[in-house]
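What follows is the residue order along each chain.
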Amino acid sequence: MRINLFGNLRISLAGRPITAVNTNRLRSLIAYLILHGDAPQPRERLAFMLWPASTESQARTNLRQLLHHLKRALPPECNVLVTDNFAVQWRRDAGCAIDTVDFQAAIAEAASARTENDRAREIQSLTTAAQLYEDDLMPGLYDDWLTPLREDYRVRVSEVLHRLATLFEERQEYAAAIPCAQRLVSLDSLCESHHQLLIRLHAANHGRSSALRAYPQCMRVLRREMGVEPGPNSNGSCPDHPVRWPKVGSACISTNR
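Note that the structure is a prediction, hence the values are computed from the model and not measured.

Quick look at the packing of aromatic side chains now. The tally for this structure, following the rule as stated, stands at 6 aromatic pairs. Between Y32 and W145 the ring centres are 4.9 Å apart and the planes differ by 85 degrees, which places this aromatic pair in the edge-to-face class. Of the two residues, Y32 is situated in helix α1 (residues 24–35) and W145 in the loop between α5 (119–132) and α6 (146–170); the sequence distance between them amounts to 113 residues. Of the two residues examined, Y32 and W145, each falls in the buried class. Their ring planes at 55 degrees and their centres at 5.9 Å tell us that F103 and Y153 sit as a pair that is tilted. You can see F103 sitting in helix α4 (residues 99–115) and its partner Y153 sitting in helix α6, a full 50 residues away along the chain. Taken individually, F103 and Y153 each receive the classification buried, so the pair is uniform in this respect. Connected via pairs of aromatic rings, a cluster forms that spans F6, F103, Y133 and Y153. Its guanidinium or amino end placed over the ring of Y153, R156 lies 5.1 Å from that ring's centre, counting from NZ or CZ.

Membership of the largest hydrophobic core comes to 69 residues, with the highest contact counts inside it found for M1, I3, L5, L29, I30, L70 and W90. If one sorts the elements of this core by residue count, α6 sits on top with 9 residues.

Read across the open sheet, the 4 strands follow the order β3-β2-β1-β7; overall the sheet is mixed. Each having just a single partner strand, β3 (16–17) and β7 (97–98) make up the two edges of the open sheet. Across 2 bridges, the pairing between strand β1 (residues 2–4) and β7 is parallel. Paired with R2 across the bridge in β7 is A97.

So, about unusual backbone geometry. Not every positive phi belongs to a glycine, and N117 is a case in point at roughly 60 degrees. Relative to the helices and strands, N117 is located in the loop between α4 and α5. Classification of N117 as exposed rests on a relative accessible area of 55%. In this model, M138 sits at a positive phi of 45 degrees, which is unusual for a non-glycine residue. With respect to the secondary-structure elements, M138 resides in the loop between α5 and α6.

Strand pairing within a sheet occurs via backbone hydrogen bonds; the two strands may be parallel or antiparallel. Spatially, the 3 strands line up as an open sheet ordered β4-β6-β5, and their pairing is antiparallel. The sheet is open, and its two borders are formed by β4 (41–42) and β5 (81–83), each paired with just one other strand. Of the pairings in the sheet, the one linking β4 to strand β6 (residues 87–90) comprises 2 bridges and is antiparallel in character. For P42, the partnering residue across the bridge sits in β6 and is A87. Taken strand by strand, α1 contacts β4, β5 and β6, and its axis lies near 75 degrees from that of β6.

Basis of the calculations
Residues numbered from 1 in each chain as written. Predicted model: local features only at pLDDT ≥ 70, side-chain atom pairs only at ≥ 80, totals over all residues. Heavy atoms only, no water. Phe/Tyr/Trp six-rings, centres within 6.5 Å; stacked < 30°, edge-to-face > 60°. Helix = DSSP H or I, 4+ residues; strand = E, 2+ residues; numbered from the N terminus. Buried < 20%, exposed > 50% of the residue type's maximum accessible area, 1.4 Å probe, protein only. Lys NZ or Arg CZ within 6 Å of the ring centre and 35° of its normal. Core = buried A, V, L, I, M, F, W, Y, C linked by side-chain atoms within 4.5 Å. Pairing = 2+ DSSP bridges. Contact = heavy atoms within 4.5 Å. Axes fitted to C-alpha atoms, helices over the stretch in contact; angles between N-to-C directions.

In C-alpha cells:
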C-alpha cells in the first residue's frame, strides 16, 4: 500500500486507488494517525481534536463510528490500524509506504552522506527528498493541529532545495541548480535570498536575459507585499540595469518565518 500526504491525500494498493477515505474527517483522522505513528494516540485526544465543541461522550461516540468507517474504507489485508478501548495507532510497516516517512528518511540519509563527505550520495538523497515533496502537506485540510506540521515540512524542503542548489552551484552545474532556486521562490516569494540565489545562478549559467527578468520580479513582489526595496549589492551593479543587484547573503524578510 502507498499513501501520499504531500498534496491531496492519495491511497493506493498495487497501483489501484482507494477512494473510500473521502471525507475531511476521515482524511484528518488518518493523516493525524500516520503523522503521529510513533506512539499510540489516546482516544480522548483524538475525540477532542476532531469534535472540540461536543461533549466528551458524544465525541467518543463519533470517534468510534469514524474508526469503523475508516476500517471499512481500507483494504481487508491492511493491518496497520491498531485499536483498543484506550488508544489508536497507525503502526509503521514495511508493506505500507508513506511519502512523509520516505521524505524524512531521505533527509537523514543526506545528513549521513554529508558527514561522510560523500557529495554524490548526498545529492541523490536530497533529490529524492525534493521529488517526494510534491506539494504542501494536505493543503485541503484546515485543522489547527496540521498548521505547524505543514509549516515545518515547508521549512525542511526549503533547506533541502537550498542545500541541493548550493551543491550543484559548487559543481558548476548551474542548469541543475536553477530549478531548485525556482522552487524556493515559489515556496516563499518574500524571502529575498531566494531571489538572490536564482538571479546569481541565471547569471552564472550565461542566462543574462533570465537574470534581468528575475530581478524586476523580485522588486515587484517586495514592493507589493512588503513595501520595501531589495537590499543594495556590495559586489557591484547588475550589468545594463539601472538598479543594483540584491545583496547576496542578506537575511530573509519573509513574514512566514
